[in-house]
Amino acid sequence: MSWLARIGNHIYENKDGMLFDFVFALAWVTIVSAFVTLVDGPTWARYVLLVSGIPAYFGFVYSLELAKEHEKDRSA
């Protein structure tokens, strides 16, 4: 299998997760940029807030997994 076919296969198998990641990143960057521009914050604050998106993403995904497990347990 060529590397191009492997990449295409990977994208096909993970398209929903990749779309979720993209939407979260786009929303996070938009919100942070709008906030820092609105309050006229320093550049270092923008970078700190942008980097804080990494733990925010993993926390959000973890909370979604917990909610799905809880819902599955409730319905069973």
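Structure report, in brief. From a predicted model like this one, the values you see are computed outputs, not experimental measurements.

## Here's the deal with the overall build of the chain
Broken down by element type, the chain carries four helices and zero strands. Order of helices (α) and strands (β) in the chain, N terminus to C terminus: α-α-α-α. Taking 76 residues into account, the globule formula puts the C-alpha radius of gyration at 11 Å, and the chain, at 18 Å, lies well above it. Taken along the three principal axes of its C-alpha coordinates, the chain extends 45 × 45 × 15 Å. Of all 76 residues assigned to the chain, the portion counted as buried reaches 9%. Carbon and sulfur atoms make up 70% of the accessible area of the chain, which amounts to about 6,500 Å² in all.

## Some remarks on unusual backbone geometry
Positioned with a positive phi, Asp40 is a non-glycine residue whose angle comes to about 55°. Locating Asp40 in the fold gives a position in the loop between helix 2 (15–39) and helix 3 (43–51).

## Focus on the packing of aromatic side chains
Scanning the entire structure with this criterion turns up six aromatic pairs. Here the aromatic rings of Phe24 and Trp28 are separated by 6.1 Å at their centres, their planes lie at 15°, and the arrangement is stacked. Here the residue Phe24 and the residue Trp28 both occupy positions in helix 2, the gap between them amounting to four residues, near one helical turn. Given the relative accessible area of 18%, Phe24 is considered buried. Where Tyr57 meets Phe58, the ring centres are 5.2 Å apart and the plane angle is 75°; that geometry is what we call edge-to-face. The exposure class assigned to Phe58 is exposed, which follows from its relative accessible area of 53%. By way of ring pairs, the aromatic residues Phe20, Phe24, Trp28, Tyr57, Phe58 and Phe60 are connected into one cluster.

Definitions and limits used
Every chain is numbered on its own, with residues counted from 1 as its sequence reads. Only residues with pLDDT of 70 or above have their local features reported here, since the model is predicted, and side-chain atom pairs are shown and tallied only from 80 upward, although totals for entire chains, interfaces and linings are computed over all residues. Where side-chain values are given, they derive from all heavy atoms of the structure, hydrogens and water being excluded. In this description a helix means any DSSP run of H or I spanning at least four residues, a strand means any run of E spanning at least two, and both kinds are numbered starting from the N terminus. Restricting the calculation to C-alpha atoms gives the radius of gyration, and the globule rule supplies 2.2 Å times the number of residues raised to the power 0.38. Each residue gets one of three labels from its accessible area relative to the maximum for its type: buried under 20%, exposed over 50%, partly exposed in between, using a 1.4 Å probe on protein chains only. Each accessible area is a Shrake-Rupley result for a 1.4 Å probe, and residues are judged covered by the shown protein chains and nothing else. Paired rings are identified among Phe, Tyr and Trp, the last through its six-membered ring, by centres lying within 6.5 Å, and are further divided according to the angle between planes into stacked (under 30 degrees), edge-to-face (over 60) and tilted (the rest).

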